Structures are given as C-alpha cells and as structure tokens.
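Coordinates in review
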Amino acid sequence: MHNRQPIGVFDSGLGGLTVLKELVRELPQYDYLYLGDSARAPYGTKDFDTVYRYTLEAVRWLFDQGCPLVIVACNTASAKALRNIQQRDLPGIDPTRRVLGVIRPTTEVIGDHTDSGHVGILGTQGTVDSGSYAIEIAKFFPEVHVHQQACPAWVPLVESGDYLDPIKSEPLIRQCLEQLAAQSPLIDTILLACTHYPLLYPQIRAMLPTHIDLVTQGSIVADSLAAYLTRHPQMAERLSRSGELSFTTTGDPAVFGRAASQFWGASLKAQQVYL
Ligand code: DGL
C-alpha cells in the first residue's frame, strides 16, 4: 500500500461507498483507499469537537498510507471538520496535500434541479444543525428556499443492515419524508445530503410523487473531482493509476465486507485498521 499514491475516501462508515462507486465509474484509472470509521459511527449525533477529532485522525491515517488527496465523503464531517482541517491543520501537516468535501460541489449545482425554487435537504442531525447547506446554497442560489429535515434513524438502519427488511425500514423512511413534505408543498427537489442515504434510494423513490427530483451526491462529487484534477494537473500526476481499490474499516471487517459487497455487487474484502 505504501508505494501507491491512492485517492483516500473517508466516511463514518458504509455511506462513502455511494460516493466511491461514482468516483470509480468516472475516474477508474486511479487507485482508491476507502476508510470507514464504522466502530465510531454514527457521526451525525456527535458534537462538533468529536467529529472534528475523528475526521482529523482519519485524514492523518490516510495521509500516512500515502494518499496525496483525501475526499471526505461524509456530509457530517464535511460540515463540522473540513474547514478547520483545510485552514488550520493542513498547512502544518503537509501543505502539498489536499482534503476535499462533498457539500461545496453539491451546493454549486443543486439550484439547477428545482423549478419551484424549493429544495428539501435530508441529512443527519449534525448536518442539519450546522446550517451548512442553507448557508452554502444561499451563496450560489440566493433565490432558492431550503427546507431541512434530519433523519436520525436512517444511518443506524443502513449500518445495521436492517434497511434490507422493509418491515423495519419503511415506517422510518416514510416518517421523515412526511415531516419534510409538511414543511412545504412546493418542494420539487430532494437532496440526499448524507452519503448513507442512497442505499435507501429505491425505497425513498417509491414513496415520493413522481414529479419530485430525488438527487444523490455521488456523481456530482465525481464530476467535481474530475474538474478539480483537470484544473490541478500537478495533483493528478502525483496520483497512482493502477485502478486498484482497497477497503479498510475500524469496525468488524467481516460485517463491513458483507454490507459493502452487497452494495457493490461484487465480493469485497475489508481490512481492519486502528486510528
Ligand atoms: N454518511 C455521513 C454523512 O454523509 C454520516 C453518517 C453518520 O451519522 O455517521 O453525513
């Protein structure tokens, strides 16, 4: 692993796989090292300092494995930790490396999806409370109204695997969608602003009226990374290109590997690591 210079992809658990899948689809030539901090998930209910500390540990670990570039594929960590890491920590750790998040690229384009000007944001309690989406969307689309709804049951649903059981998952999914819908009848675009939520996509889609545009972030982040690497050829040249994928987790590697394989549609093995 040490002679490779992969793109690091980090999430609190399984959710970042929904971003990684799109990165691999769009930029298959690069090597990727995925880290899911499943032992300490969920992040969405943890305070600012804890999420910051955990995210910094993960970024440092990915740097130690040789990653010149890390994608924080977690909205909660992007909301609570990214700015401090980029501005305060990175210059002291290694100013030539980069850490990018998922909120900025998403807010740059989400306003293009709505005709009514009303966008619903579904995220963790931490992401919703941070106000990051409302603040960032206002910069790019000041005319857009943002309606936010936290879905605290959804990440545990995914991490536990219970989302595969409709009897357990459907009431929890329906409840959040109804809470969001109650905020405004004008919402015509809903963003899944937590990287775990696309695993629930078929169930969410089936419960929504067909005129609602249900947006996931993976391909948005992949487009944004492709554009970033075109603008920064010196970074693109540093990245190794064997098309290799490695998966690591702080949790149980068998549990992670099973869930990841199910989502990926191929057998994946995960290695356990300690941050
Ligand atoms: N997947 C993460 C996100 O995008 C957070 C999940 C969690 O609560 O750990 O916000």
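The notes below deal with the structure included here.

Procedures and definitions
Residues numbered from 1 in each chain as written. Predicted model: local features only at pLDDT ≥ 70, side-chain atom pairs only at ≥ 80, totals over all residues. Heavy atoms only, no water. Near = heavy atom within 4 Å. Polar contact = N/O pair within 3.5 Å; in protein donor to acceptor, adjacent residues only side chain to side chain. Nonpolar A, V, L, I, M, F, W, Y, C, P; charged D, E, K, R; others polar. Buried < 20%, exposed > 50% of the residue type's maximum accessible area, 1.4 Å probe, protein only. Helix = DSSP H or I, 4+ residues; strand = E, 2+ residues; numbered from the N terminus. Pairing = 2+ DSSP bridges. Expected span 1.5 Å × (residues − 1). Arc of directions from axis to C-beta. Contact = heavy atoms within 4.5 Å. Axes fitted to C-alpha atoms, helices over the stretch in contact; angles between N-to-C directions. Parallel < 35°, antiparallel > 145°, perpendicular 65-115°, else oblique. Left-handed = near helix turned anticlockwise from the far one by under 90°.

Comments concerning the site of the ligand
Lining the immediate surroundings of the ligand are 13 residues, of which Ser12, Tyr43, Gly44, Thr76 and His196 lie closest. One of the backbone N or O atoms of Thr195 is found 2.8 Å from an oxygen atom in the ligand. Residues that form the shell around the ligand fall into these classes: 5 nonpolar, 7 polar and 1 charged.

Overview of the pairing of strand E3 (residues 69-72)
The side-chain alternation of E3 yields two buried faces, one formed by Leu69 and Ile71 and the other by Val70 and Val72. Inspection of the sheet shows strand E1 (residues 7-11) paired to E3 by 4 bridges, in the parallel sense. Looking at the pairing, Val9 lines up with Ile71 of E3. Alignment of E3 against strand E4 (residues 98-100), held across 3 bridges, turns out to be parallel. Bridge pairing links Leu69 to Arg98 in E4.

Side note on helix H13 (residues 253-264)
Helical geometry: 3.6 residues make up each α-helical turn, so side chains three or four residues apart lie on a common side. The end-to-end C-alpha separation of H13 is 15 Å, in line with the 16 Å expected for 12 residues at 1.5 Å each. Here H13 has its buried residues at Phe256, Gly257, Ala260, Ser261, Phe263 and Trp264. In an axial view of H13, the angular spread of the buried residues amounts to 160°, which keeps them on one side of the axis. In H13, those exposed residues whose orientation departs by more than 90 degrees from the buried face are Arg258 and Gln262. The inward-facing, buried residues of H13 contact helix H1 (17-26), strand E2 (32-36), strand E9 (245-249) and strand E10 (270-272).

So, unusual backbone geometry
In this structure, Pro42 follows Ala41 across a cis peptide bond, with omega equal to 0°. Counting through the fold element by element, Pro42 comes out in the loop between E2 and helix H2 (48-64).

Observations regarding the packing of H2 against helix H4 (residues 82-93)
Between H2 and H4, the least distance of the axes is 12 Å, while the angle of their chain directions is 40°. On the basis of the axis angle, H2 is oblique to H4. Note that H2 runs across H4; the crossing there is right-handed. Packed against H2, whose contacting residues are Phe48, Tyr52, Thr55, Leu56, Val59, Arg60 and Phe63, the element H4 presents Asn84, Ile85, Arg88, Asp89, Leu90 and Ile93 at the interface. Of the residues that constitute the contact of H2 with H4, the class distribution is 8 nonpolar, 2 polar and 3 charged.

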